[in-house]
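Read off the chains here:
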Amino acid sequence: MAVRFCACLLISTLLLSACSAVAPLPQVSGDGMAMDSEDKAGMDMSGGSMLADALEPQTTENGLFTITAISRLDPVVINETHAWTLHIETTDGSPVSEAEITIDGGMPAHNHGFPTAPRVTENLGDGDYLLEGMRFNMGGVWVMTLGITSGDQNDVVTFEFELK
Ligand SMILES: [Cu+2]
């Protein structure tokens with residue numbers, strides 16, 4: 001009797017340990033997924049990055065326009081030439097569809113400009129504009145200044161952001 005009882009216990013113990021041996025498997029695949037996103041973050045180690053939509057929409061200095069700037073490369077990483085979409089509205093929310101846009105920028109703390117000469121190459125309609133030739137060649141704080149002219153109105157906005 002006692003022996004059979006012990007055998008029973010032994011089997012339950014074996015089953016239990018079999019269960020606990022199986023249990024960690026889903027965790028392993030969970031860890032695997034976590035490692036995938038760490039691999040993506042690993043790209044940043046070469047100098048910094050930022051999410052494509054990290055910039056808050058901004059009102060221009062004289063309050064004429066609201067500008068949204070979103071990268072088409074997500075995340076924005078250094079040393080990759082890419083495009084942004086700019087959206088321009090009047091502050092009451094009407095798209096500005098015939099704007100002239102100038103762009104300048106760089107890293108004030110380093111006294112250098114953009115490594116490229118980005119410019120708006122296409123009017124996409126509905127207040128959207130294609131800004132091509134963007135490139136950041138190091139991590140840190142960058143500024144991007146846009147000059148907006150629409151008819152006889154012009155205004156300026158400066159975005160400041162960090163690739164970290
Ligand atoms: Cu710099």
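Model, not experiment: these values are computed from the prediction. (Residues numbered from 1 in each chain as written. Predicted model: local features only at pLDDT ≥ 70, side-chain atom pairs only at ≥ 80, totals over all residues.)

1. Some thoughts on the overall build of the protein
Here comes step 1: From N to C terminus, the protein includes 2 helices and 11 strands.
Here comes step 2: What you see in the protein, going N to C, is helices and strands ordered as α-α-β-β-β-β-β-β-β-β-β-β-β.
Here comes step 3: Of all 164 residues assigned to the protein, the portion counted as buried reaches 15%.
Here comes step 4: Sequence separation of at least 24 residues holds for 57% of the intrachain contacts in the protein that already meet a minimum separation of 6. (Helix = DSSP H or I, 4+ residues; strand = E, 2+ residues; numbered from the N terminus. Buried ≥ 20, exposed ≤ 12 C-beta atoms within 10 Å, placed from the backbone. Contact = placed C-beta atoms within 7 Å.)

2. Some remarks on the environment of Glu98
Here comes step 1: Following the sequence through the fold, Glu98 ends up in the loop between strand E5 (82-90) and strand E6 (100-107).
Here comes step 2: As a C-alpha pair, Glu98 and Tyr129 span 31 residues in sequence and 9.7 Å in three-dimensional space.

3. Comments concerning unusual backbone geometry
Here comes step 1: In this structure, the amide linkage connecting Asp74 to the following residue, Pro75, adopts the cis form with an omega of 0°.
Here comes step 2: Along the chain, Pro75 falls in the loop between strand E3 (65-71) and strand E4 (76-77).
Here comes step 3: For Asn111, which is not glycine, the phi dihedral falls at a positive 55°.
Here comes step 4: Positionally, Asn111 belongs in the loop between E6 and strand E7 (112-113).
Here comes step 5: Taking the C-beta count within 10 Å as the criterion, Asn111 has 7 such neighbours and is therefore assigned exposed.
Here comes step 6: With a phi angle near 55°, Asp126 is a residue other than glycine that sits in the positive phi range.

Purely geometric numbers; function is a separate question.
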